[in-house]
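Results of the structural survey
Next come the chains, spelled out residue by residue.
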Amino acid sequence: MKEEFWKGKEIELKIRDMTKEGQGVGKADGFTIFVEGAILGDQVIAKIEDIKKNYALGKIVKVISPSEYRTDSKCIYDMDCDGCQFHRLNYNKQLELKTSIVKNALERIGKIQGAVIHPTIGMKFPYRYRNKGEFKVKSVGGKSSVGYFKRRSHDIINIERCIIQDELSDKIMNSIRDILKNEDTSELKNITVRTTKHKEAMIILTTTRKGFSFKEKLIKRLSNIKEVKSIYQNINPRADSEMMGSRNIKLYGQDTITDCIGGFRYSISPNSFFQVNREQAEVLYEKAVEYLDLKKDEVVVDLYCGIGTISLYLAQKAGKVYGVEAVEEAVKNGQENAVLNRIENVEFIQGLSEDVFPKLLKRGIKADKLVVDPPRRGCEKEVLETIAQMKPKRIVYISCNPATLARDLRYLEERGYKTLEVQPVDLFCWTGHVETVVSLSHKKADTHININVEFGDEEGQIPIDEIARKAEEYRPSERVTYKMMQEYIESKYNFKVHTAYIAEVKRDLGLPMYDAPNAVEELKQERKHPTPEKVEAIKDALKHFGVCQ
Ligand SMILES: C[S@@+](CC[C@H](N)C(=O)[O-])C[C@H]1O[C@@H](n2cnc3c(N)ncnc32)[C@H](O)[C@@H]1O
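Residues numbered from 1 in each chain as written. Predicted model: local features only at pLDDT ≥ 70, side-chain atom pairs only at ≥ 80, totals over all residues. Heavy atoms only, no water.

1. Some words on the overall build of the chain
Assigned secondary structure in the chain consists of 15 helices and 23 strands. Out of the 549 residues in the chain, the part that is buried amounts to 53%. Sequence separation of at least 24 residues holds for 64% of the intrachain contacts in the chain that already meet a minimum separation of 6. Just so you have it, the chain exposes about 27700 Å², and 49% of that area is on carbon and sulfur atoms. (Helix = DSSP H or I, 4+ residues; strand = E, 2+ residues; numbered from the N terminus. Buried < 20%, exposed > 50% of the residue type's maximum accessible area, 1.4 Å probe, protein only. Contact = heavy atoms within 4.5 Å. Areas by Shrake-Rupley, 256 points an atom, 1.4 Å probe, with all protein chains shown as cover.)

Okay, here's the thing in structure tokens:
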């Protein structure tokens, strides 16, 4: 693509995909063009604004024919706000797109094959789900703005009504905006509002230094709001984009607030991580427990455990759970939460997973099952190396970043693990983010036996000649995998078959089903059945590999 020819040109494009940042993706002359404001399925005129080595950036000029997936955004700031990238895309299509984002990452980066990737689980009512709002504060010419960044800018939009936040958060933010309207807010960087299921709130004011001019006024007015149970000041002198620093000073009320997921209650401090969507977090945690398939005597390690949300779920079903977490306050919350929920078989260890996990192995603690739920950057090398040495039978990997998830799964697959099931869950409706829970199992045999054999021609010994004959007699047939059958069918019939279809045909033929628990599990889900053509191809493959006559 010649820069001088294309720059500033208006071209017609069909939008065939979308990025997680919300740009439409089209192609012209085989060159990829990312178009701000375009939706998957749109036919648009786009103006080329910038040209890079392998792609160009364009802006929408006109929608010639709108996509069938276009929807009217319920957000009143939709043209400007940078918060929700998919706000004009039909919700079901968003879920499909998230499934394909995960699938593409696993295939391209992870080279994962044969795993069952389930459709993304969405919400019935995908609004007002967030229990944490993070708002920027900016003061220009004595007037302050409190809200979110404008798209591709550092200006702030005053958000009075955010349809993905709890309504209580709108109420508190509008009061704060009113209190601050005539103040110089240059010492105040951010405001975080956490709300709970039972409509309690914690407010965290992040300032650049300890003293700030309107502190007393703010505390007095905010503590009059009945739902406000706790106010903190957080000090972050750095001019970085981090919302919060590590130092907190309590200004009013309780030390913590208490939220619920499932049947558990969780005490939360200002700097502790808590999933922003409690309804979907429950779906995620239940999937994690199902995938782990815990036995009452098993030892589980829960790395990056936060305040022990998942650890408590696991402790109900396991022998012992070790939770490992970096943030001291979160570990303290975890210990309180175990007491709050009367759970005794969980131990929280404060430290970095990459330090603590190898030490657990050295102490002789071996996890039968493992949960990892790292931040966006994924697991540290030392964590992955320790997994490869410890070899837990089953791993559940929870991730908010499909790219680092895929990278880590590839590492684990190269060291004897198999990715079985992948379940994306929509915790961040209307945005380009997706949470994924994955189950992996170790390919090693579950059990082995030792036999001592003496060779020779004396009584009780086995003659050498006999061994060759017996070995031939008992030579096990090559283990037939679903992947082998899929490859055979694809090369012979030129179409792909799903493992669940192979499982279905095997079950219909009355063949044993122990060899692909994931595919069998899939049969319990509501799904389509194989066409007669695929059934015949699968029967042929089963015969070819000697699985049936
Ligand atoms: C995505 S959150 C998951 C928390 C928890 N599993 C949950 O669902 O609420 C990741 C957690 O890892 C913690 N963390 C970040 N880096 C860490 C590290 N290197 N070692 C241990 N914990 C870490 C963070 O403080 C955060 O609590």
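Additional details are given in the paragraphs that follow.
2. Overview of the sheet that holds strand 20 (residues 369-372)
Two modes of strand pairing occur in sheets, parallel and antiparallel, and in both the strands are linked by backbone hydrogen bonds. The strand order across the open sheet formed by eight strands is 7-22-23-21-20-17-18-19, and the pairing between neighbours is mixed. This sheet does not close on itself; its edge strands, each paired only once, are strand 7 (116-117) and strand 19 (346-350). Summarising the sheet, strand 22 (residues 417-425) and strand 23 (residues 435-442) pair through eight bridges and their orientation is antiparallel. Along strand 23, the bridge assignment pairs glutamine 423 with valine 437. (Pairing = 2+ DSSP bridges.)

3. Some remarks on the site of the ligand
The immediate surroundings of the ligand are formed by 20 residues, with Tyr285, Thr309, Glu325, Ser353 and Asp373 found nearest. Alanine 326 is positioned with one of its backbone polar atoms (N or O) 3.2 Å from a nitrogen atom of the ligand. Within the backbone of serine 353, one N or O atom sits 2.8 Å away from a nitrogen atom of the ligand. Calculation on the ligand without its partners gives an accessible area of 590 Å², and the protein chains cover 91% of this total. Sorting the residues of the shell around the ligand by element identifies helix 6 (309-315) and helix 8 (353-362) as the ones contributing at least two each. Along the lines of polarity and charge, the residues of the shell around the ligand split into 10 nonpolar, five polar and five charged. (Near = heavy atom within 4 Å. Polar contact = N/O pair within 3.5 Å; in protein donor to acceptor, adjacent residues only side chain to side chain. Nonpolar A, V, L, I, M, F, W, Y, C, P; charged D, E, K, R; others polar.)

4. Side note on the packing of aromatic side chains
Scanning all chains against the criterion turns up 10 aromatic pairs. Between tyrosine 91 and tryptophan 430 the ring centres are 5.8 Å apart and the planes differ by 35°, which places this aromatic pair in the tilted class. With tyrosine 91 in helix 2 (residues 91-108) and tryptophan 430 in the loop between strand 22 and strand 23, the pair connects residues that are 339 residues apart, well separated along the chain. With a centroid separation of 6.3 Å and 40° between ring planes, the pair formed by phenylalanine 264 and tyrosine 266 is classed as tilted. Through a chain of ring-to-ring contacts, the aromatic side chains of Phe264, Tyr266, Phe274, Tyr285 and Tyr313 assemble into a single cluster. (Phe/Tyr/Trp six-rings, centres within 6.5 Å; stacked < 30°, edge-to-face > 60°.)

5. Brief notes about the pattern of salt bridges
Here the structure, examined in full by the defined rule, presents 33 salt bridges. Between arginine 151 and glutamate 36 there is a salt bridge, with its nearest N and O atoms 3.9 Å apart. One end of the pair, arginine 151, is in the loop between strand 9 (143-149) and strand 10 (156-158); the other, glutamate 36, is in strand 4 (residues 31-36), and 115 residues separate them in sequence. Across the salt bridge formed by glutamate 187 and arginine 209, the nearest N and O atoms sit 2.7 Å from each other. With a gap of 22 residues between them, glutamate 187 in the loop between helix 3 (167-180) and strand 11 (188-195) and arginine 209 in the loop between strand 12 (201-207) and helix 4 (215-223) connect regions that are remote in the sequence. Given the relative accessible area of 47%, arginine 209 is considered partly exposed. One salt-bridge network, in which partners are shared between bridges, spans Glu36, Arg151 and Arg152. (Salt bridge = Lys/Arg side-chain N within 4 Å of Asp/Glu carboxyl O.)

6. A short note on the UniProt feature "binding site: S-adenosyl-L-methionine" (unreviewed entry) in the chain
Residues given the UniProt feature "binding site: S-adenosyl-L-methionine" (unreviewed entry) here are Gln275, Tyr304, Glu325 and Asp373. Assignment of secondary structure puts glutamine 275 in the loop between strand 16 (264-268) and helix 5 (278-292). Look at glutamine 275 and you get buried, because its relative accessible area is 3%. Dropping the residues within four chain positions of it, glutamine 275 is found in contact with Asn131, Ala281, Leu284, Tyr285, Asp373, Leu427 and Glu435. (UniProt positions renumbered as here; feature names shortened; annotations may be inferred.)

7. Focus on the sheet that holds strand 5 (residues 43-51)
Taken in spatial order, the six strands line up as 1-5-6-4-3-2 in an open sheet, and their pairing is mixed. Looking at strand neighbours, the two that pair on one side only are strand 1 (10-14) and strand 2 (17-18), the edges of this open sheet. Bridge count between strand 1 and strand 5: five bridges; the pairing is antiparallel. The residue of strand 5 that forms the bridge with leucine 13 is valine 44.

8. Some words on the nonpolar core
In terms of nonpolar packing, the biggest core is built from 83 residues, with Ile191, Leu205 and Leu314 touching the most fellow members. By residue number, the principal contributor to this core is helix 5, which donates seven residues. Every residue in contact with isoleucine 191, bar those within four places of it in the chain, is listed here: Gly133, Glu134, Phe135, Val137, Val146, Met173, Ile176, Leu180, Ile203, Ile204 and Leu205. Within the second largest apolar cluster, 35 residues are counted, among which are Leu106, Ile387, Leu405 and Ala406. (Core = buried A, V, L, I, M, F, W, Y, C linked by side-chain atoms within 4.5 Å.)

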